[in-house]
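Structural description and commentary
Single-letter residue listing:
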Amino acid sequence: MGQAKSIDLRYRGLDSGEQRRGAVPLDDAERALDTMRRLLEAVSAKDVAEKISAARDTILRTKYAELARNEERRKMQRSDISVDTVAGLIPWREVVEALTGLTR
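Residues numbered from 1 in each chain as written. Predicted model: local features only at pLDDT ≥ 70, side-chain atom pairs only at ≥ 80, totals over all residues. Heavy atoms only, no water.

Another aspect to go through is the overall build of the protein. Counting secondary structure elements, the protein contains five helices and zero strands. Counting helices and strands in the order they occur from the N terminus, the protein gives α-α-α-α-α. The long-range share in the protein, meaning contacts at least 24 apart out of those at least 6 apart in sequence, stands at 36%. Carbon together with sulfur atoms contributes 54% to the accessible area of the protein, which is approximately 9,200 Å² in total. (Helix = DSSP H or I, 4+ residues; strand = E, 2+ residues; numbered from the N terminus. Contact = heavy atoms within 4.5 Å. Areas by Shrake-Rupley, 256 points an atom, 1.4 Å probe, with all protein chains shown as cover.)

Our next topic: a nonpolar patch on the surface. The grouping of Ile-90, Trp-92, Val-95 and Val-96 at the surface amounts to a nonpolar patch, some 450 Å² of accessible area in total. Within the element layout of this structure, Trp-92 appears in helix α5 (residues 92–95). (Patch = residues over 30% accessible without salt bridge, like charges linked within 9 Å, V, L, I, M, F, W, Y side chains within 5 Å. Salt bridge = Lys/Arg side-chain N within 4 Å of Asp/Glu carboxyl O.)

The next point concerns the pattern of salt bridges. This model, assessed by the stated rule, comprises eight salt bridges. In this structure, Asp-34 and Arg-38 form a salt bridge, with 2.9 Å as the shortest nitrogen-oxygen distance. Taken together, the positions of Asp-34 and Arg-38, both in helix α3 (residues 26–42) and four residues apart, correspond to about one turn of that helix. A residue is classified by how much of its surface remains accessible, and Arg-38, at 46% relative accessible area, is partly exposed. One continuous salt-bridge network, built from bridges that share partners, spans Glu-30, Asp-34, Arg-37, Arg-38, Glu-41 and Arg-56. (Buried < 20%, exposed > 50% of the residue type's maximum accessible area, 1.4 Å probe, protein only.)

Time to look at the side chain of Glu-30. Position of Glu-30 among the secondary structure elements: in helix α3. Taking relative accessible area as the criterion, Glu-30 reaches 13% and is therefore assigned buried. Excluding residues that lie within four positions of it along the chain, Glu-30 makes contacts with Arg-56, Ile-59 and Leu-60.

It is worth spelling out the confidence of the model for the protein at this point. Here the protein averages 77 in pLDDT, and 71% of its residues register 70 or above. Within the model, pLDDT remains below 50 along residues 4–12, and this stretch shows four contacts once partners closer than five positions in the same chain are excluded. (pLDDT = per-residue confidence, 0-100.)

In this structure, Glu-50 sits in helix α4 (residues 46–80). A relative accessible area of 55% means that Glu-50 is categorised as exposed. Glu-50 sits 13 residues away from Arg-37 along the chain, and the two C-alpha atoms are 7.5 Å apart.

Following this line, the structure appears as structure tokens:
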């Protein structure tokens, strides 16, 4: 009984109104599915527990793929930005004509 009570206290935040308005974060969904799997195994519902475990594995794969994608984006952003000036470019004032009505 003590373990069930600690699980209830640990995951009580999943039912808050804030989670109902938006998507549940991947960490919270993974934890909830893990808790469901453990409870189902405790009551000898192995078939359903295996399905829950498969859903949890999918969430973990999604989470790690997203983390890898974000890390790759950070690397790309650091390497793509160039602040070096290129020799031989014409100054912008020679390329763009000023509007006569707006000059002072």
